[in-house]
Amino acid sequence: MVRIEGGTFRMGSAEFYPDETPVHERAVDAFEIDLHPVTNEQFAAFVAATGYVTVAERPLDPADFPGVDPRDLVPGGLVFTPTPGPVDLRDWRQWWRWGEGASWRHPLGPESSVDDKPTHPVVQVSLEDATAYAGWAGRRLPTEAEFEYAARGGLDGARFAWGDEERPDGRLMVNQWQGHFPYENTGAAGWVGTSPVMTFPANGYGLFDVTGNVWEWTTDFYTPRHEVPGVAPVDAAGRENLLAAASAEPGSRIPRRVLKGGSHLCSPEYCLRYRPAARSPQADDTATSHIGFRCVRDA
């Protein structure tokens with residue numbers, strides 16, 4: 001792990017997406033953070049030691065899916081599937097499908113495997129799975145502010161984790177989509193999909209993959225704009241309950257958390273989110289082929 005000294009920084013951005021605003025000052029205490037996302041071999045050690053079964057591997061409860069044929073309620077996760085050609089980028093359902101049998105061991109479905117990818121980030125992990133691993137390791141998941149502060153690497157207000165220029169001297173700095181999304185990907189440094197951790201340059205704090213490769217879980221409930229500290233109208237417990245309820249998608253009871261860092265699927269023509277300020281909502285119970293995590297602990 002890497003120790004990050006506490007401090008104050010400008011969180012958010014006014015350049016790109018509305019949910020990254022407003023830019024505001026945020027203070028964080030000193031903490032330690034994993035050098036890179038949790039890998040397949042690290043998660044395998046946790047499973048071997050505890051017998052843990054991930055959410056994607058468990059049977060689905062029909063009560064949580066009213067109206068759905070019980071025969072369709074099979075364990076799995078969301079899997080990215082390239083389209084045959086150009087499509088309307090407003091409809092994400094064209095490149096995401098339910099992967100029956102997808103799990104951390106088989107991130108793209110039963111035909112896939114991580115046996116030859118021990119140092120790739122583990123994916124197909126829900127918030128519950130990530131939290132369970134963190135507890136086993138004597139750690140916890142980061143807050144959104146902690147993750148962004150660490151991802152910035154000491155460059156307060158910079159667009160990217162390494163500065164304002166996307167490709168300094170023409171160098172590719174992160175694992176991001178190369179080509180035309182979502183049908184043509186020529187690979188980042190030869191990798192289509194996830195890449196081994198530490199393949200791309202570290203940021204100013206020596207941290208790897210804080211942007212690109214995989215989105216990463218945080219503990220913050222998602223809001224369509226940053227909630228500036230000190231303006232909450234209720235006590236801490238009431239605020240937490242309100243945020244949890246408000247974070248869910250319309251018609252759902254499942255809270256959504258903030259993901260940070262972007263992933264190998266981020267493309268400038270669709271998702272320019274391989275930046276420290278970038279954020280995305282994801283339901284707590286969801287596992288996908290491009291979401292992983294890393295842990296922190298109090299210094």
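Above this text is the structure in question.
What counts and how
Residues numbered from 1 in each chain as written. Predicted model: local features only at pLDDT ≥ 70, side-chain atom pairs only at ≥ 80, totals over all residues. Heavy atoms only, no water. Buried < 20%, exposed > 50% of the residue type's maximum accessible area, 1.4 Å probe, protein only. Helix = DSSP H or I, 4+ residues; strand = E, 2+ residues; numbered from the N terminus. Core = buried A, V, L, I, M, F, W, Y, C linked by side-chain atoms within 4.5 Å. Contact = heavy atoms within 4.5 Å. Pairing = 2+ DSSP bridges. Axes fitted to C-alpha atoms, helices over the stretch in contact; angles between N-to-C directions. Phe/Tyr/Trp six-rings, centres within 6.5 Å; stacked < 30°, edge-to-face > 60°. Lys NZ or Arg CZ within 6 Å of the ring centre and 35° of its normal.

Enquirer: What's the story with helix α3 (residues 144–152) in this structure? I'm lost.
Expert: Three or four residues apart is the spacing at which side chains of an α-helix point the same way, because the helix has 3.6 residues per turn. Most of α3 sits out of view: 9 of its 9 residues are buried. Restricting attention to buried positions, one finds in α3 the residues Glu-144, Ala-145, Glu-146, Phe-147, Glu-148, Tyr-149, Ala-150, Ala-151 and Arg-152. Where α3 ends, the next residue or the one after it, Gly-153, has phi of about 60°, a positive value.

Enquirer: Is there a simple way to think about the nonpolar core in this case?
Expert: As a rule of thumb, soluble globular proteins bury nonpolar side chains together. One finds Val-38, Phe-43, Val-122, Tyr-133, Leu-141, Trp-217 and Phe-293 to be the most contacted residues of the largest nonpolar core, which totals 27 residues. Secondary structure elements with two or more residues in this core: α1 (40–50), α2 (127–136) and β7 (215–221). At 4 residues, α2 tops the list of elements feeding residues into this core. What Phe-43 contacts, discounting residues up to four positions off in sequence, is Val-38, Thr-54, Trp-104, Val-122, Val-125, Asp-129, Tyr-133 and Phe-293. Met-11, Phe-147, Ala-161 and Leu-207 belong to the second-largest nonpolar core, a separate cluster that totals 16 residues.

Enquirer: Just checking my understanding: could you explain the sheet that holds strand β1 (residues 2–4) for this structure?
Expert: One key point about sheets: their strands pair by backbone hydrogen bonds, in either a parallel or an antiparallel sense. Taken in spatial order, the 3 strands of this open sheet run β1-β4-β11, and their pairing is antiparallel. Strand pairing shows two members of the sheet lacking a second neighbour, β1 and β11 (296–298), which therefore form its edges. Shown here is a sheet whose adjacent strand axes are inclined to one another by a mean of 30°, direction ignored. Pairing analysis gives 3 bridges linking strand β4 (residues 31–33) to β11, with the strands arranged antiparallel. Bridging across to β11, Glu-32 finds its partner in Arg-297. Helix-sheet contacts for α3 involve β1, β4 and β11, and the interaxial angle to β4 is about 70°.

Enquirer: I keep staring at the packing of aromatic side chains and nothing clicks. Help me out?
Expert: Where two aromatic rings form a pair, the distance of their centres and the angle of their planes describe that pair. Considering all chains together, one arrives at 20 aromatic pairs under this definition. Note on Phe-80 and Trp-96: the rings are 5.9 Å apart at their centroids and 75° apart in plane angle, and the pair reads as edge-to-face. Within this pair, whereas Phe-80 is found in strand β5 (residues 76–80), its partner Trp-96 is found in strand β6 (residues 96–100), the two being separated by 16 residues in sequence. Residues Phe-80 and Trp-96 agree in their burial class; the two are buried. Grouping aromatic residues by their ring pairs yields a cluster made of Phe-43, Phe-46, Tyr-52, Trp-104, Tyr-133, Trp-136 and Phe-293. Looking at Arg-273, its charged tip hangs above the ring of Tyr-17, at a distance of 3.7 Å from the centre. Residue placement shows Arg-275 over the ring face of Phe-16; its charged tip is 3.9 Å from the ring centre.

Enquirer: Would you explain the sheet that holds strand β10 (residues 291–292) in this entry?
Expert: Strand order in the open sheet made by the 4 strands is β9-β8-β7-β10, with mixed pairing throughout. The open sheet has two free edges, formed respectively by β9 (279–283) and β10, since each of these has just one partner strand. With 5 bridges joining them, strand β8 (residues 256–260) and β9 adopt antiparallel strand pairing. Bridge pairing in β9 places Arg-257 opposite Gln-282.

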